[in-house]
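Architecture and fold: a report
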Amino acid sequence: MSKNNDSNQFRKVDVDEYDENKFVDDEDNGESQVGPDEAEVDSLIRQGNLMEALQAVLKNPPINTKNQNVKDRAEALMLKVLSAFKSSDIEKAVQSLDKNGVDLLMKYIYKGFEKPSENSSATLLQWHEKALSAGGVGSIVRVLTARKTV
Amino acid sequence: MAYHSFLLEPISCHSWNKDRTQIALCPNNHDVHIYKKDGTKWTKIHELKEHNGQVTGIDWAPESNRIVTCGTDRNAYVWSLKGEVWKPTLVILRINRAARCVSWSPKENKFAVGSGSRLISICYFEQENDWWVCKHIKKPIRSTVLSLDWHPNNVLLAAGSCDFKCRVFSAYIKEVEEKPGPTVWGSKMPFGEVLFESGPSGVSGGAGEGAGGGWVHGVCFSHSGNRLAWTSHDSTVAIAEGGKTSTISSLSSETLPLLCVSFITENSLVAAGHDCYPVLFVYDGTKGSVTFGGKLDVPKQTSQRGISARERFQNLDRRATSSETTEQGLESLHKNSISQISVLEGGKSKCSTFCTTGMDGGMVTWDVKSLESDLKDLKIV
């Protein structure tokens, strides 16, 4: 039988890229977003002012940026703040957030679930329970349907 | 609140005739069944078999008594009653994907079909050739059109689509109508012009983090046509007022996504979806805010009987709670997602009854007055 000695590089072409009807998301300028201010959040944690730390870490979410490092740093910082809380204070902290804050918190919680470390799942689950009672199923739906994740 | 279970299959779509004695629905197959009301019973009087694919949209024109149906076979048929039989006329839509939704215009001289081909077909009847002709609205739609609603002036059309946007188009056909007067949405309305496009959701408040949104499942104009409401797959409901393009008020709800929405007065809307019960939203025009008005469903019947210790442990074993309710299912009338709402009496300005159909094959007619008296905190402004 004859063997096909021609190049089969064509198999590596991504045909979807050449589809003229391909849906492209609206490009948003996210280069200016740097994520929450680490120094500020760290100092607030050390001072023991956890409510303020939570508010600070929820500012400037790196939603639109494509820089993976920024997102990782923000997630790590968020985890630090969430673990610093005592279980009994979690509910009060969630109550202090507005609707958008609860949605953003849910986004971070699910991001944290993606890469579990030793103790993170337990704290995240506690936060998840409280955030769920505040935001309802709708906040989880918004995490799932968001095109730009934190 | 009467619940009537038509069949076991989901009801894909439905439409009522003018005096609300007959309902045309699709039982999730290629046909349309027409049921007639006899007192409290429903009897099937007609079966319309012409489509080759699932029928995805039905609309019954009240004045001219014609039914338009569209389906996944990329066709639409206009049915007219000749004597005792419904006769179909094929409409060539020139689409290469399934048709998703169809709607007669208020004057019933044209209808719009939304499809997966990323366009809307506006069809009107051409007298000289005795057939239905269609024109396409393509730009700037980038994905399937899921829902349509006409403005009362017979020219403007709202479309919700899977590219996360809700838009208002002009569907002005010069062959069948005269130039429309200016409205709050704009004054220049050539065919296909976009008069309004919703930005990514999360416009009102929230540091830009609500970008993206979700598929727009349901759209509805208010009775006057000045307000437009739409529900989206990210569990939000939003209302825009024509003329003031920046005021889009949206509410992130706590429920699962809502699939259909309808105004019942100028300020209140009823929406229903995957949560199996309708909910009421109230819009405050002066503050520009949408608030959750309440859940519209039968009040919970709390069982008074005590629960034995044995049952308590059994419940703990089976369901991890020792709660008293032994109901395994949902406590709402509908047992599965509600896919369509239609206003029965009163129009969109003072609706007194509306009807919902869903994936459980059931249809419920809701009476607004009795809902208001049953559910004490409800206020329909």
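Residues numbered from 1 in each chain as written. Chains lettered and ligands numbered in written order. Predicted model: local features only at pLDDT ≥ 70, side-chain atom pairs only at ≥ 80, totals over all residues. Heavy atoms only, no water.

Our working rule: UniProt positions are given in the numbering used here, feature names are shortened, and annotations may be inferred rather than shown by experiment.
Under an unreviewed UniProt entry, the name given to chain B is Actin-related protein 2/3 complex subunit, and the source organism is Oncorhynchus tshawytscha. What UniProt records for chain B under Sequence similarities (unreviewed entry) is the sentence "Belongs to the WD repeat ARPC1 family." Chain B has a UniProt comment under Function (unreviewed entry) that states "Functions as component of the Arp2/3 complex which is involved in regulation of actin polymerization and together with an activating nucleation-promoting factor (NPF) mediates the formation of branched actin networks."

As named in an unreviewed UniProt entry, chain A is Actin-related protein 2/3 complex subunit 5, taken from Hucho hucho. The Function (unreviewed entry) field of the UniProt record for chain A holds the comment "Functions as component of the Arp2/3 complex which is involved in regulation of actin polymerization and together with an activating nucleation-promoting factor (NPF) mediates the formation of branched actin networks. Arp2/3 complex plays a critical role in the control of cell morphogenesis via the modulation of cell polarity development." A UniProt comment under Sequence similarities (unreviewed entry) is attached to chain A, and it reads "Belongs to the ARPC5 family."

1. Things to note about the pairing of strand S4 (residues 31-38) of chain B
Residues and elements named next belong to chain B. What counts here: Whether two strands pair comes down to DSSP finding at least two bridges between them. Helix numbering and strand numbering both begin at the N terminus, where a helix is a DSSP run of H or I of at least 4 residues and a strand a DSSP run of E of at least 2.
Of the strand pairs in this sheet, strand S3 (residues 22-26) and S4 are connected by four bridges, and their pairing is antiparallel. Note that in S4 the partner of Gln22 across the bridge is Lys36. Between the end of S3 and the start of S4, which pair antiparallel, lie four residues, with Asn28 showing a positive phi angle near 60°. One ladder, built from eight bridges, connects S4 with strand S5 (residues 41-49); its direction is antiparallel. Residue Lys37 lies in a different strand from S5, and its bridge partner there is Trp42. Between S4 and S5, which pair antiparallel and follow one another directly, the connecting turn spans two residues, one of which, Gly39, has a positive phi of 70°.

2. Observations concerning a nonpolar patch on the surface
All names here are of chain A. Using the following cut-off: Patch membership requires over 30% relative accessible area and the absence of a salt bridge. Like charges are linked within 9 Å, and nonpolar side chains (Val, Leu, Ile, Met, Phe, Trp, Tyr) within 5 Å. Each accessible area is a Shrake-Rupley estimate made with a 1.4 Å probe; only the visible protein chains count as cover when residues are assessed. In the sections that follow, a salt bridge refers to a side-chain nitrogen of Lys or Arg positioned within 4 Å of a carboxyl oxygen of Asp or Glu. Relative accessibility under 20% of the residue-type maximum defines a buried residue, over 50% an exposed one, and the middle range a partly exposed one, all with a 1.4 Å probe and only protein chains included.
Side chains of Phe10, Val13, Val15 and Tyr18 sit close together on the surface and give an oily, nonpolar patch of about 490 Å² of accessible area. Residue placement: Val13 occurs in the segment before helix H1 (38-47). Val13 sits in the partly exposed class, given a relative accessible area of 44%.

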